[in-house]
Amino acid sequence: MKPVRVLSIASEIYPLVKTGGLADVTGALPIALTAEGIEARTVVPGYPSVMNSLGPVARVLHLPDFFGGEARLLGTTSGELGLFVLDAPHLFARPGNPYLTPEGMDWPDNALRFAALARMAADIGLGAVPSFVPDIVHAHDWQAALAPAYLHYSKSKRRRPATVLTVHNLAYQGVFPREMLAAIGLPSESFTIHGVEYYGSIGFLKAGLYFADRITTVSPTYARAILSDEGGMGLAGLLRERSGDLSGILNGIDTSVWDPATDPHIPGCFDADIPSCFESDVLPNRAANKAALQRRLGLQPDPDAFLLGVIGRLSGQKGLDLLLETIPTIVNQGMQLALLGSGDRGLQFRYRAAAQANPGRVGLLIGYDEGLAHLIQAGADALVVPSLFEPCGLTQLCALRYGTIPIVSRVGGLEDTIVDADDSAADCRQTGFKFGPVTTDNLVSVLQRACAAFHDAAAWRRIQRNGMSTDVSWRNAASRYADLYRGLGVQRQYKVA
Ligand code: ADP
């Protein structure tokens, strides 16, 4: 049987360019899909970090005037990933991150930049690259979400591929002035409630939600949450209309990148899969990682202090303003806090002040540091994820694999992936500590509850063991996506115009 061909569209992809969990997903899912008989390739923008890390490339298309400049579509590979790279220097050859200037402002032409990416994907979907004509076009987040709209309004007589849109975070919607419509090459009739119009503007995510054949998001609880007026963030009505086509598929993590047995970023590797590693009271080598983490962030070298780790974007979503308010409790009760994050300047300032006020107890690095993220996962005792909402969350999955016990709010994918230590119905599946509603008082209580369990070595080891034997790989998710693709009526025969 001919393999199903999927073209994934991603504005970031690990290891070439990453600002958050989206890159982890788009970098790992296509590889996991191979085992399911799916042939996936991904189209990505040619940012400098991408262009500088490419091996041999083939020029697949030359586009003399593409969204205001000359562009090329390159075909290449990166490790096990098959890639198309949209090399459009006038759109992507810039410093800063994929979405922001070095000063932290949105690039003013983001509408054009990501419309170009989606348009390229739609063209590939319609057969622009004869050697790879996809059955399915799979868009990730608003940056890719215009692809189903371009396919809908295309005048091509070729048969359209089926489309899937995955929402990784509904808070980011890609909303732009209506005056951009002509510049992004959509017809005036598309500016309607039954098209790309969204409260008087152009909504990229809205368009994708309207036109995609199937919609997925990254956990079952989040899939339900976005149907409510509060969780739907202005899109609940449309999502409710489309709820028959909406499903939640939990993410996995790349267990070869997040593997404590081979992790090059940690001094003490340990094998999460060998039962014998549970025979002693403490996981071998975890103590060395904890000491290294304490040294790295200037924390007191205390093996018995309950060390809390935090890794994430400093944004309102992540609940880190609440965590700031718990610092007196953390410090007074002999705990330590190791934080790695970047983002909101106000939060950066307040965390820096907290670290200065509590030397040896609160240590942090403001910035993006892949190696330190791994060291926190391997050396902290618990990982705190107090998000107000969380579509899936990946850091708690990495934590499970590294024997770091997650302390999480009861929202979205955090609710779906962690089983509370007090859930007596699930004795052998308890993997962490949960709290909700998300308030400072509840966060203080859950930290105290976890701290008490930490000082009960047998209880702590049992929860650690449960977490480390949880399957956090992409296996389950890949098989769910493969079923979805197959169900969309694959093996399409394309009519040539
Ligand atoms: P989100 O996608 O909302 O940012 P996720 O938990 O889904 O959150 O994914 C975050 C990913 O980004 C994880 O792989 C995490 O380790 C990584 N990460 C987040 N912030 C940093 C940082 N400052 N330095 C290094 N890695 C980070």
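Above this text is the structure in question.
Quick notes on the rules
Residues numbered from 1 in each chain as written. Predicted model: local features only at pLDDT ≥ 70, side-chain atom pairs only at ≥ 80, totals over all residues. Heavy atoms only, no water. Buried < 20%, exposed > 50% of the residue type's maximum accessible area, 1.4 Å probe, protein only. Helix = DSSP H or I, 4+ residues; strand = E, 2+ residues; numbered from the N terminus. Pairing = 2+ DSSP bridges. Right-handed = clockwise from strand over helix to strand, strands pointing away. Phe/Tyr/Trp six-rings, centres within 6.5 Å; stacked < 30°, edge-to-face > 60°. Lys NZ or Arg CZ within 6 Å of the ring centre and 35° of its normal. Lys, Arg positive; Asp, Glu negative; His and termini not counted. Salt bridge = Lys/Arg side-chain N within 4 Å of Asp/Glu carboxyl O. Polar contact = N/O pair within 3.5 Å; in protein donor to acceptor, adjacent residues only side chain to side chain. Contact = heavy atoms within 4.5 Å. Near = heavy atom within 4 Å. Areas by Shrake-Rupley, 256 points an atom, 1.4 Å probe, with all protein chains shown as cover. Nonpolar A, V, L, I, M, F, W, Y, C, P; charged D, E, K, R; others polar. Axes fitted to C-alpha atoms, helices over the stretch in contact; angles between N-to-C directions.

1. Regarding the pairing of strand β6 (residues 136–140)
Counting buried residues along β6, five of its five residues qualify, which places the element largely inside the surrounding structure. Along β6, one buried face is formed by Ile136, His138 and His140 and the opposite face, lined by Val137 and Ala139, is buried too. Bridging between strand β1 (residues 4–9) and β6 involves four bridges; their strand directions are parallel. Bridging across to β6, Ile9 finds its partner in Ala139. One crossover worth recording links β6 to the parallel strand β7 (residues 162–167) by way of helix α5 (residues 147–153), and it is right-handed.

2. Describing the packing of aromatic side chains
Taken as a whole and assessed by the stated rule, the structure comprises 18 aromatic pairs. Between Tyr210 and Phe211, the ring centres sit 5.0 Å apart and the planes meet at 80 degrees, which makes this aromatic pair edge-to-face. Looking at Phe211, the relative accessible area reads 10%, which means it is buried. The interplanar angle of 75 degrees and the centroid separation of 6.1 Å between the aromatic rings of Trp258 and Tyr402 together place this pair among those described as edge-to-face. Taken together, the positions of Trp258 in the loop between β12 (246–248) and α9 (286–296) and Tyr402 in the loop between α14 (395–401) and β17 (405–409) put the pair 144 residues apart, joining distant regions of the chain. Tyr402 gets classed as buried once you look at its relative accessible area, which sits at 0%. Feature note: the residues Tyr47, Phe92, Tyr99, Phe114, Trp142, Phe176 and Phe204 constitute an aromatic cluster, connected by ring pairs. Just above the ring of Phe84 sits the side chain of Arg41; from NZ or CZ to the centre is 4.2 Å.

3. A short note on the side chain of Asp141
Take Asp141: it is sitting in the loop between β6 and α5. No salt bridge is formed by the buried Asp141, whose closest oppositely charged neighbour, Arg313, lies at an N-O distance of 8.8 Å. Only 2.7 Å separates the side chain of Asp141 from the backbone nitrogen of His168, close enough to count as a polar contact. With near-sequence residues (within four places) excluded, Asp141 lies in contact with Leu22, Leu165, Thr166, Val167, His168, Asn169 and Leu205.

4. Points about the site of the ligand
Residues in close proximity to the ligand total 17 residues, the closest being Gly21, Asp24, Arg313, Lys318 and Gly367. In the environment of the ligand, an oxygen atom lies 2.9 Å from a nitrogen or oxygen atom belonging to the side chain of Lys318. Burial of the ligand by the protein chains amounts to 92% of its free accessible area of 570 Å². Secondary-structure elements contributing two or more residues to the shell around the ligand are α1 (21–34), β13 (307–314) and β14 (336–343). Sort the elements by how many residues they give to the shell around the ligand and β13 lands first, with three residues. Of the residues contributing to the shell around the ligand, the split by class is five nonpolar, seven polar and five charged.

5. Things to note about the side chain of Thr216
Turning to its location among the elements, Thr216 is positioned in strand β11 (residues 214–217). When sequence neighbours within four positions are dropped, the list of residues in contact with Thr216 reads Val164, Leu165, Thr166, Val167, Leu246, Ser247, Ile249, Tyr481 and Leu484.

6. As for the sheet that holds β17
Pairing within the open sheet is parallel, and its six strands lie in the order β15-β14-β13-β16-β17-β18. With one partner strand each, in any of the chains shown, β15 (362–366) and β18 (433–435) form the two edges of the open sheet. Averaged over all pairs of adjacent strands, the angle between strand axes in this sheet comes to 20 degrees, irrespective of strand direction. In this structure, strand β16 (residues 382–385) lies alongside β17, joined through four bridges in parallel fashion. Note on β17: the bridge partner recorded for Leu383 is Pro406. The strands touched by helix α16 (residues 440–454) are β13, β16, β17 and β18; relative to β18, the strand with the most contacts, the crossing angle is about 165 degrees. Sheet contacts for helix α17 (residues 457–468): β16, β17 and β18; angle to β17, the most-contacted strand, approximately 80 degrees.

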